[in-house]
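Single-letter residue listing:
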Amino acid sequence: MESLEAVVEELLAGLREQLPPSGFRLDGIEVHLGAEVELSGEELASALAKALPGVEIKITLIPSLLHCLDCGADYPPDEFPCPVCGSAAAEHLHGQELQIARAWGQTV
Ligand SMILES: [Zn+2]
């Protein structure tokens, strides 16, 4: 598991790449946090709020979803193996997200 500080640093580095270098006031960000990421949404929100004072922080939790490689069905992990065909061949479709999905603000 990555430390919270490292995660915040990574998110902020990605954010800086998306935003214009100057003349822009960031008002808010939305972070997608997958259910399988071992991080508390509240801890992440407060760490981000500390790093970005005055910026609205929205954390959206993304539920886990598996994708069956044999029949193509999508199903939640607690139904594993595939409830449609019984196959154990699956890939993670959702649940491992940790990214800034949206950032908004104004040019100043
Ligand atoms: Zn299946």
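The structure presented is a predicted model; accordingly, all values stated were derived computationally and were not measured. (Residues numbered from 1 in each chain as written. Predicted model: local features only at pLDDT ≥ 70, side-chain atom pairs only at ≥ 80, totals over all residues. Heavy atoms only, no water.)

Trainee: Give me the lowdown on the coordination of the zinc ion, citing residues and values where you can.
Mentor: Summarising the metal site, the zinc ion is bound by the protein donors Cys 68 (SG), Cys 71 (SG), Cys 82 (SG) and Cys 85 (SG), whose distances to it range over 2.3 to 2.4 Å. Donor residues binding the zinc ion come from one chain and are separated in sequence as C-x2-C-x10-C-x2-C. (Donors = N, O, S within 2.8 Å, 3.2 Å for Na, K, Ca; no water.)

Trainee: An account of the nonpolar core is needed here, citing residue identities and associated values.
Mentor: Counting residues in hydrophobic clusters, the biggest one holds 20 residues, and the most contacted among them are Ile 29, Leu 44, Leu 48 and Leu 52. Within the residue set of this core, elements represented by two or more residues are helix 1 (4-18), strand 1 (24-34) and helix 2 (41-51). Tallying contributions element by element places helix 1 first for this core, with six residues. Leave out the neighbours within four places in its chain, and Leu 48 touches Val 8, Leu 11, Leu 12, Ile 29, Val 31, Ile 57 and Ile 59. Core analysis: the next-biggest nonpolar cluster, separate from the first, contains five residues, Cys 68, Ala 73, Tyr 75 and Cys 82 among them. (Core = buried A, V, L, I, M, F, W, Y, C linked by side-chain atoms within 4.5 Å. Buried < 20%, exposed > 50% of the residue type's maximum accessible area, 1.4 Å probe, protein only. Helix = DSSP H or I, 4+ residues; strand = E, 2+ residues; numbered from the N terminus. Contact = heavy atoms within 4.5 Å.)

Trainee: Describe the sheet that holds strand 1, and please don't skip the residues or the numbers.
Mentor: Two modes of strand pairing occur in sheets, parallel and antiparallel, and in both the strands are linked by backbone hydrogen bonds. Across the sheet, which stays open at both edges, the three strands sit in the order 2-1-6 with mixed pairing between neighbours. Both outer strands of the open sheet, strand 2 (56-62) and strand 6 (98-107), are each paired with one neighbouring strand and no more. On average, adjacent strands in this sheet sit at an angle of 20° to one another, irrespective of strand direction. Pairing of strand 1 with strand 2 involves seven bridges; the strand directions are parallel. Looking at strand 2, one finds that Gly 34 is bridged to Ile 62. Of the strands in this sheet, strand 1, strand 2 and strand 6 touch helix 2, which is tilted by about 155° from strand 2. (Pairing = 2+ DSSP bridges. Axes fitted to C-alpha atoms, helices over the stretch in contact; angles between N-to-C directions.)

Trainee: Can you explain the side chain of Ser 64? Please cite residues and give values.
Mentor: Along the chain, the position of Ser 64 falls in the loop between strand 2 and strand 3 (65-68). A residue is classified by how much of its surface remains accessible, and Ser 64, at 15% relative accessible area, is buried. Among the polar contacts made by the side chain of Ser 64, one reaches the side chain of Glu 36 at a distance of 2.6 Å. Excluding its chain neighbours within four sequence positions, the residues that come into contact with Ser 64 are Ala 35, Glu 36, Pro 76, Pro 77, His 94 and Gly 95. (Polar contact = N/O pair within 3.5 Å; in protein donor to acceptor, adjacent residues only side chain to side chain.)

Trainee: I'd love a proper account of unusual backbone geometry, names of residues and values included.
Mentor: Phe 80 connects to Pro 81 through a cis peptide bond whose omega is -5°. Structurally, Pro 81 is set in the loop between strand 4 (74-75) and strand 5 (90-94).

Trainee: Can you lay out the environment of Leu 93 for me, pointing to particular residues and giving the numbers?
Mentor: By the element assignment, Leu 93 lies in strand 5. Of the residues examined, Leu 93 reaches a relative accessible area of 35% and is grouped as partly exposed. Measuring from C-alpha to C-alpha, the distance between Leu 93 and Pro 53 comes to 33 Å, with 40 residues separating the pair along the chain. Those residues in contact with Leu 93 that sit more than four places away from it in its chain are Leu 65, Leu 66, His 67 and Asp 74.

Trainee: Tell me what's going on with the pairing of strand 3, and back it up with residues and numbers.
Mentor: Of the two faces of strand 3, only one is covered, namely that formed by Leu 66 and Cys 68; the face formed by Leu 65 and His 67 stays uncovered. Where strand 3 meets strand 5, four bridges bridge the pair, whose relative direction is antiparallel. Looking at strand 5, one finds that Leu 65 is bridged to His 94. Where strand 3 meets strand 4, two bridges bridge the pair, whose relative direction is antiparallel. Counterpart to His 67 in the pairing with strand 4 is Asp 74.

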